[in-house]
Amino acid sequence: MSQRQTPSRPLEVPCPRCQTPVAWVEENLFRPFCSERCKLIDLGAWADGSHRIAGEPAMDETEIDEMIMRAERGDTGRED
Ligand SMILES: [Zn+2]
């Protein structure tokens, strides 16, 4: 007789960046983060610390948001 123990639900951990509950499952490639974005931002923040790469300043969350906004608007910074 086999008694398989199936967990009622996967373990959930809060995303270190935005505190969104993240299911700790194989399918979640970005765990413990909720998304690739949060993972990249956190890695960037980490890189900004003692492990900073010389000449390669890490972007913070604001800069990434600004970059995305500009790309969406097609804003090149010129004022015509
Ligand atoms: Zn997140």
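Given the structure is predicted, the values throughout are model-derived calculations rather than measurements.

Caption draft 1: Just the overall build of the protein, in detail. If you tally the helices and strands in the protein, you get 2 helices and 2 strands. Counting from the amino terminus, the protein carries its helices and strands in the arrangement β-β-α-α. Counting every position in the protein, which comprises 80 residues, the buried fraction comes to 5%. Long-range contacts, defined here as pairs at least 24 residues apart, represent 6% of the contacts in the protein between residues at least 6 apart.

Caption draft 2: Representation of the UniProt feature "binding site: Zn(2+)" (unreviewed entry) in the protein. In this numbering, the UniProt entry assigns the feature "binding site: Zn(2+)" (unreviewed entry) to Cys15, Cys18, Cys34 and Cys38. For this annotated set, covering 24 residues, all C-alpha atoms fall within 8.1 Å of each other, a compact arrangement in space. Mapped onto the fold, Cys15 is located in the loop between strand 1 (12-14) and strand 2 (21-23). Under the C-beta neighbour-count criterion, Cys15 is labelled partly exposed, with 18 such atoms within 10 Å. Those residues in contact with Cys18, other than ones at most four positions away along the chain, are Cys34 and Cys38.

Rules and cut-offs
Residues numbered from 1 in each chain as written. Predicted model: local features only at pLDDT ≥ 70, side-chain atom pairs only at ≥ 80, totals over all residues. Helix = DSSP H or I, 4+ residues; strand = E, 2+ residues; numbered from the N terminus. Buried ≥ 20, exposed ≤ 12 C-beta atoms within 10 Å, placed from the backbone. Contact = placed C-beta atoms within 7 Å. UniProt positions renumbered as here; feature names shortened; annotations may be inferred.

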